[in-house]
Amino acid sequence: MSGGAIPGPDGRLRCPWGISTEDYVIYHDEEWGRPVRGDDALFERLCLEAFQSGLSWITILRRREGFRSAFAGFRIAAVAEFTDADEERLLADAGIIRNRAKIKASLANARELAGWAPGELDELIWSYAPDPATRQVPRTLADVPAVTPESTALAKELKRRGLRFVGPTTAYALMQACGLVDDHLADCAARGATTG
């Protein structure tokens, strides 16, 4: 079927986006769609998805280690303590995307999340995971939505709780990347290969 999974360099069937670069092959096979749990881990993904807005994911993926270094490993408690001087440091850091609005949103989100109970972000995000039995398995990329009712509701709740740069499309990308949904195509070798 046109638009379905295609063989990668090793002959293994993958989602078409997952074979364009070696970075994507690794990310597709080992990370995308696998469950991510924990407040700090989900904060990292929330930040990176926001930074990706308007850019290609490969740009973020190739700078992820730079982001981790610049943002104290995305430890919420540490980032919440960042000062104006840290913001200026981030704006000068060529290892990340130097977008003032996205940097400010990440810092503001960390400050907001620092006041939440441990595990609250994890519990909130995962409470929006749809029942897999209610979802059709995508056969082509055209079958994969950009937004769902669950991502719209999650974005609305995150915004209501004071978080920024969390629209429905960003929320759905987070849900895909963190394993709340399995959007690997039906014939993709990674479909259903979750770790948790």
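Please refer to the structure placed before this passage.
Residues numbered from 1 in each chain as written. Predicted model: local features only at pLDDT ≥ 70, side-chain atom pairs only at ≥ 80, totals over all residues. Heavy atoms only, no water.

Student: Give me the lowdown on the overall build of the chain, citing residues and values where you can.
Tutor: Along its length, the chain carries 10 helices and 2 strands. Moving toward the C terminus, one meets the helices and strands of the chain in the order β-β-α-α-α-α-α-α-α-α-α-α. Scaling as 2.2 N^0.38, a compact globule of 196 residues should have a C-alpha radius of gyration of about 16 Å, and the chain matches this with 17 Å. Based on the C-alpha atoms only, the size of the chain along its principal axes is roughly 55 × 35 × 25 Å. Taken across its 196 residues, the chain has 46% of its residues classed as buried. For the chain, the share of sequence-separated contacts (at least 6 apart) that also reach a separation of at least 24 residues comes to 67%. When the accessible area of the chain is evaluated, it comes to approximately 9300 Å², of which 51% is carbon and sulfur surface. Across the chain, the 24 positively charged side chains and the 28 negatively charged ones have centroids separated by 3 Å. (Helix = DSSP H or I, 4+ residues; strand = E, 2+ residues; numbered from the N terminus. Rg over C-alpha atoms; globule rule 2.2 N^0.38 Å. Buried < 20%, exposed > 50% of the residue type's maximum accessible area, 1.4 Å probe, protein only. Contact = heavy atoms within 4.5 Å. Areas by Shrake-Rupley, 256 points an atom, 1.4 Å probe, with all protein chains shown as cover. Lys, Arg positive; Asp, Glu negative; His and termini not counted. Charge placed at Lys NZ, Arg CZ, Asp CG, Glu CD.)

Student: Run through the packing of helix H2 (residues 39-52) against helix H10 (residues 168-177), naming residues and quoting values.
Tutor: The N-to-C vectors of H2 and H10 enclose an angle of 130°; their axes lie 9 Å apart at closest approach. By the criterion of interaxial angle, the relationship of H2 to H10 is oblique. The two elements H2 and H10 cross, and the hand of that crossing is right-handed. In this structure, H2 contributes Leu-42, Arg-45, Leu-46, Glu-49 and Ala-50 to the contact, and H10 contributes Thr-170, Ala-173, Leu-174 and Ala-177. (Axes fitted to C-alpha atoms, helices over the stretch in contact; angles between N-to-C directions. Parallel < 35°, antiparallel > 145°, perpendicular 65-115°, else oblique. Left-handed = near helix turned anticlockwise from the far one by under 90°.)

Student: Mind laying out H10, listing which residues take part and the relevant values?
Tutor: Among the 10 residues in H10, 7 count as buried, and that is most of the element. Buried residues in H10 make contact with helix H1 (22-30), H2, helix H8 (120-126) and helix H9 (149-160). A positive phi of about 80° marks Gly-179, the residue just after H10.

Student: How would you sum up the nonpolar core? Please name residues and give values.
Tutor: Among the nonpolar cores identified, the biggest contains 49 residues, and Phe-43, Phe-67, Phe-71, Leu-90, Leu-121 and Leu-158 are the most heavily contacted of them. The residues contacting Leu-121, other than those within four sequence positions of it, are Asp-39, Leu-42, Phe-43, Leu-113, Trp-116 and Leu-158. Ala-5, Cys-15, Cys-188 and Ala-190 belong to the second-largest nonpolar core, a separate cluster that totals 5 residues. (Core = buried A, V, L, I, M, F, W, Y, C linked by side-chain atoms within 4.5 Å.)

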